[in-house]
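Listed below are the residues making up each chain.
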Amino acid sequence: MKNRLHRKIERRGGVSAKVKRHHGMRCQACGLLLSDCYGALGEGYIEAHHRVPLSSLEPGKKVSYDIERDFCVLCPNCHRMIHRSEDPSDLGALRSVLSTPCA
């Protein structure tokens with residue numbers, strides 16, 4: 001049996017909803033609106049992305065967020081791709097590697 005210790009970051013409830021209200025439901029990287037592809041199933045769905053990686057935060061230090069500067073909204077594909085990139089805070093770099101706009 002192996003024991004693992006994980007660090008957990010407490011998130012304030014409602015921040016994701018505020019991000020989505022502020023930035024809207026269209027992916028800020030590729031422009032995709034999920035309801036255009038999935039109809040009612042995709043209506044109102046988008047993912048909030050922390051532009052400052054949570055793994056880079058200091059343990060135990062409280063952080064305040066700026067909804068405009070510290071977050072963006074991404075479709076699930078772009079969200080996965082930005083986390084595969086060298087700098088997950090660089091939305092412009094993700095946009096530059098898109099060979100074909102999705103929307």
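The preceding data block contains the structure.
Caption draft 1: The overall build of the chain, seen in detail. Looking only at helices and strands, one finds five helices and two strands in the chain. In the chain, the order of α-helices and β-strands from amino to carboxyl end is α-α-β-α-β-α-α. Taking all 103 residues of the chain together, 28% fall into the buried category. The long-range share in the chain, meaning contacts at least 24 apart out of those at least 6 apart in sequence, stands at 65%. A total of about 7700 Å² of accessible surface is found on the chain, and carbon and sulfur atoms cover 51% of it.

Caption draft 2: Quick look at the side chain of His23. By the secondary structure assignment, His23 is in helix α1 (residues 15-23). His23 sits in the buried class, given a relative accessible area of 17%. A distance of 3.0 Å separates the side chain of His23 from the backbone oxygen of Ile67, its partner in a polar contact.

Caption draft 3: Region of interest: the environment of Arg26. Here Arg26 is to be found in the loop between α1 and α2 (34-38). On the accessibility criterion, Arg26 (41% relative accessible area) is partly exposed. Considering only alpha carbons, one finds Arg26 and Tyr45, 19 residues apart in sequence, at a separation of 9.1 Å. Polar side-chain contacts of Arg26 include one of 2.7 Å to the backbone oxygen of Gly31.

Caption draft 4: Looking closely at the environment of Ile82. Its place among the elements puts Ile82 in helix α4 (residues 76-84). Each C-alpha atom of the pair Ile82 and Ala29 lies 9.4 Å from the other, and the pair is 53 residues apart in sequence. Residues in contact with Ile82, not counting those within four places in the same chain, are His49, Leu74, Pro88, Asp90, Leu91 and Leu94.

Procedures and definitions
Residues numbered from 1 in each chain as written. Predicted model: local features only at pLDDT ≥ 70, side-chain atom pairs only at ≥ 80, totals over all residues. Heavy atoms only, no water. Helix = DSSP H or I, 4+ residues; strand = E, 2+ residues; numbered from the N terminus. Buried < 20%, exposed > 50% of the residue type's maximum accessible area, 1.4 Å probe, protein only. Contact = heavy atoms within 4.5 Å. Areas by Shrake-Rupley, 256 points an atom, 1.4 Å probe, with all protein chains shown as cover. Polar contact = N/O pair within 3.5 Å; in protein donor to acceptor, adjacent residues only side chain to side chain.

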